[in-house]
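Structure at a glance
Residue strings, one per chain:
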Amino acid sequence: TQGPESESLTVGHVGNKALIFIGHERPGSISIYSVDGNIASPRFESVYWDIPDSDVTWTQTFNQNSIGSIDPEDLK
């Protein structure tokens, strides 16, 4: 496994906090980070993938090749 293939990036702002969204083709997911002040220290917030609620973790889902229903090429 080579890890996610990142192909898009967008940044949004909520108050003084910047939110960074990184779209990955493989797996079809979006990593979400926040930056509050120091850009050198982004904080990991969450990973979004369009998979129904499950007791399976993200890592288990990735290893089972069950991720891939979203295409983040045009992340806005």
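In this report, we go over the structure that sits alongside the text. (Residues numbered from 1 in each chain as written. Predicted model: local features only at pLDDT ≥ 70, side-chain atom pairs only at ≥ 80, totals over all residues. Heavy atoms only, no water.)

**Examining the sheet that holds strand β3 (residues 29-35)**
Strand pairing in a sheet takes place through backbone hydrogen bonds and is either antiparallel or parallel in direction. In spatial order, the strands read β1-β2-β3-β4; together these four strands make up an open sheet with antiparallel pairing. In this open sheet, the two edge strands, each paired with only one partner strand, are β1 (6-14) and β4 (43-48). With direction set aside, neighbouring strand axes in the sheet form an average angle of 20°. Bridging between β3 and β4 involves five bridges; their strand directions are antiparallel. Note on β4: the bridge partner recorded for Tyr33 is Phe44. (Pairing = 2+ DSSP bridges. Helix = DSSP H or I, 4+ residues; strand = E, 2+ residues; numbered from the N terminus. Axes fitted to C-alpha atoms, helices over the stretch in contact; angles between N-to-C directions.)

**Thoughts on the packing of aromatic side chains**
A complete count under the given rule lists one aromatic pair for this structure. Considering the side-chain rings of Tyr33 and Phe44, the 5.5 Å spacing of their centres and the 70° angle between planes classify their relative orientation as edge-to-face. In this pair, Tyr33 sits in strand β3 while Phe44 sits in strand β4, placing the two residues 11 residues apart along the sequence. (Phe/Tyr/Trp six-rings, centres within 6.5 Å; stacked < 30°, edge-to-face > 60°.)

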